[in-house]
Amino acid sequence: MIWDTHAHLDDSQFETDREIVIERAREAGITTIVNIGHTESSCSEAVKLAGRYPFIYATVGIHPHDAKDCTEKTWELLLKLSQNPKVVAWGEIGLDYYRDLSPRDVQRQVFIRQLELANETGLPVIIHNRDAHGDIIEVIKKHLPSAGGVFHSYSGSWEMAEELLRLGFYLSFSGPLTFKNARHTLKVAVNVPEDRFVVETDSPYLTPEPYRGKRNEPGYVREVVAKIAEIKGLPFERVAQLSSNNAKRLFGL
Ligand code: NI
């Protein structure tokens, strides 16, 4: 059993061969894929895709890049979509101070609003954090998600990881864990408790070694599992099982 807990299969990069990519993932032993919404249209597409495949789930949420375009209509649409039984989380939401595509105060407002919506709907959250460590900790401490959540593609320090684990969050590892310069993230992956991590691809982005430079796809999540198995000194199957059990608990499935 292997879960890819974060993929963007609705992305236009999969336009011509989406079904083949999904079939390849199944052949690679990927049992479940969570397709992540990040804009109004991708949330709608994610729910549609989840409706076509029993092993694909969806999430709804607006990425911090698009925070500036949110209106009350956005929340009406997402609340409606969140009623679908295949929707398992609210996200991806958070703060991105690296690209700063929305003003930071707007990013914070929209993030807080969505943490509240997640609590109203009883869904766990998927958090995107880039160069916003201080603010993100401050916000989540004040607005703790009642159904928990995960920091996706975690790349922060072990010190921050300890704080997030104390707050009840899961940590998700992705392709960059396989890169040569992954020293800090490797330390986090070595130390993370066996019941608090999941794995993801973030396809079509963050392609792991040895496929780096190509488009990422859910089947490649095996490389992330293999890396964690190597550094934790556990069998591949054990890490696959642990991360899948954790994902089920996180998403309440
Ligand atoms: Ni993503």
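Below is a summary of the structure that appears in this document. Quick caveat, the model's predicted, so the values are computed rather than measured.

**Some details on the overall build of the chain**
Line of reasoning, step 1. Per the secondary structure count, the chain includes nine helices and eight strands.
Line of reasoning, step 2. Relative to a compact globule of 253 residues, whose C-alpha radius of gyration would be 18 Å, the chain shows 17 Å and is just as compact.
Line of reasoning, step 3. Counting only C-alpha atoms, the chain reaches 45 × 40 × 30 Å along its principal axes.
Line of reasoning, step 4. Partitioning the intrachain contacts of the chain with sequence separation of at least 6 by distance along the chain shows that 71% fall at a separation of at least 24.
Line of reasoning, step 5. Taken as a whole, the chain presents about 11,000 Å² of accessible surface, with 49% of it coming from carbon and sulfur.
Line of reasoning, step 6. A distance of 3 Å separates the average location of the 30 positive side-chain charges in the chain from that of its 35 negative side-chain charges.

**Section: unusual backbone geometry**
Line of reasoning, step 1. Each neighbour pair has its own omega, and for Gly91 with Glu92 the value is 15 degrees, a cis peptide bond.
Line of reasoning, step 2. For Glu92, the location among the structural elements is in strand β4 (residues 87-96).
Line of reasoning, step 3. Look at the link from Ser203 to Pro204: it is a cis peptide, with omega at 5 degrees.
Line of reasoning, step 4. Mapped onto the secondary structure, Pro204 falls in the loop between β8 (197-199) and α8 (221-232).

**So, the packing of aromatic side chains**
Line of reasoning, step 1. Throughout the structure, instances matching the rule amount to five aromatic pairs.
Line of reasoning, step 2. Seen from their ring centres, Tyr211 and Tyr220 are 3.8 Å apart, and the 5 degrees between their planes marks the pair as stacked.
Line of reasoning, step 3. We classify Tyr211 as partly exposed; its relative accessible area is 26%.
Line of reasoning, step 4. Judged by relative accessible area, which is 11%, Tyr220 ranks as buried.
Line of reasoning, step 5. Across the ring face of Phe55, the terminal group of Arg26 is positioned such that the distance to the ring centre comes to 3.7 Å.
Line of reasoning, step 6. In this arrangement the basic side chain of Arg104 is found over the ring face of Tyr97, its NZ or CZ atom lying 4.2 Å from the centre.

**Examining helix α7 (residues 183-191)**
Line of reasoning, step 1. For α7, the full list of buried residues reads Thr185, Val188 and Ala189. Take α7 and look down its axis: the buried residues cluster within an arc of 95 degrees, on one side only. Exposed positions of α7 whose direction lies more than 90 degrees from the buried face are Arg183 and His184.
Line of reasoning, step 2. In this structure, the buried side of α7 is in contact with α6 (158-166), β7 (170-173) and α8.

**Observations regarding empty space enclosed by the protein**
Over the atoms rolls a probe the size of a water molecule, and in doing so it shows where empty space is left.
Line of reasoning, step 1. Within this structure, the stated rule accounts for one cavity of 30 Å³ or more.
Line of reasoning, step 2. Considering only enclosed or pocket space, the largest cavity measures out at about 60 Å³ in volume.
Line of reasoning, step 3. Lining the largest cavity, in full, are Asn129, His133, Phe151, His152, Ser153, Tyr154, Ser155 and Gly156.
Line of reasoning, step 4. Residue classes in the lining of the largest cavity are distributed as two nonpolar, six polar and no charged.

**What to know about the coordination of the nickel ion**
When a metal carries six donors in an octahedron, the ideal angles between them are 90 or 180 degrees, while four donors in a tetrahedron ideally lie at 109.5 degrees.
Line of reasoning, step 1. Here the nickel ion is held by His6 (NE2), His8 (NE2), Glu92 (OE) and Asp202 (OD), and the distances to it run 2.2 to 2.4 Å.
Line of reasoning, step 2. Here the nickel ion binds four donor atoms, and the angle range of 83 to 175 degrees at the metal identifies the geometry as irregular.
Line of reasoning, step 3. Here the donor residues for the nickel ion map to a single chain with the spacing H-x1-H-x83-E-x109-D. You can see His8 sitting in the loop between β1 (2-7) and α1 (18-27) and its partner Asp202 sitting in the loop between β8 and α8, a full 194 residues away along the chain.
Line of reasoning, step 4. On the accessibility criterion, Asp202 (9% relative accessible area) is buried.

**Focus: the sheet that holds strand β6 (residues 149-151)**
Line of reasoning, step 1. Sheet architecture is open: eight strands sit in the order β1-β2-β3-β4-β5-β6-β7-β8, paired in parallel fashion. Strand pairing shows two members of the sheet lacking a second neighbour, β1 and β8, which therefore form its edges. Across the sheet, the mean angle separating the axes of adjacent strands is 30 degrees when strand polarity is ignored.
Line of reasoning, step 2. Relative to strand β3 (residues 56-60), strand β2 (residues 30-35) runs parallel, the two sharing three bridges. Opposite Val34, over in β3, you have Tyr57 as the bridge partner.
Line of reasoning, step 3. Sheet contacts for helix α4 (residues 104-121): β4 and β5 (125-130); angle to β4, the most-contacted strand, approximately 160 degrees.
Line of reasoning, step 4. Each of β1, β2, β7 and β8 touches α8; the most contacted strand, β8, lies at about 140 degrees to it.

Rules used throughout
Residues numbered from 1 in each chain as written. Predicted model: local features only at pLDDT ≥ 70, side-chain atom pairs only at ≥ 80, totals over all residues. Heavy atoms only, no water. Helix = DSSP H or I, 4+ residues; strand = E, 2+ residues; numbered from the N terminus. Rg over C-alpha atoms; globule rule 2.2 N^0.38 Å. Contact = heavy atoms within 4.5 Å. Areas by Shrake-Rupley, 256 points an atom, 1.4 Å probe, with all protein chains shown as cover. Lys, Arg positive; Asp, Glu negative; His and termini not counted. Charge placed at Lys NZ, Arg CZ, Asp CG, Glu CD. Phe/Tyr/Trp six-rings, centres within 6.5 Å; stacked < 30°, edge-to-face > 60°. Buried < 20%, exposed > 50% of the residue type's maximum accessible area, 1.4 Å probe, protein only. Lys NZ or Arg CZ within 6 Å of the ring centre and 35° of its normal. Arc of directions from axis to C-beta. 1 Å grid on protein atoms, 1.4 Å probe; cavity = no way out; pocket = protein on both sides within 12 Å on 5 of 7 lines; lining within 4 Å. Points joined across faces, edges and corners; volume = space filled by probe spheres on them. Nonpolar A, V, L, I, M, F, W, Y, C, P; charged D, E, K, R; others polar. Donors = N, O, S within 2.8 Å, 3.2 Å for Na, K, Ca; no water. Tetrahedral: all angles 85-135°; square planar, octahedral: opposite > 155°, others 65-115°. Pairing = 2+ DSSP bridges. Axes fitted to C-alpha atoms, helices over the stretch in contact; angles between N-to-C directions.

No statement about biological role is implied by the geometric values presented.
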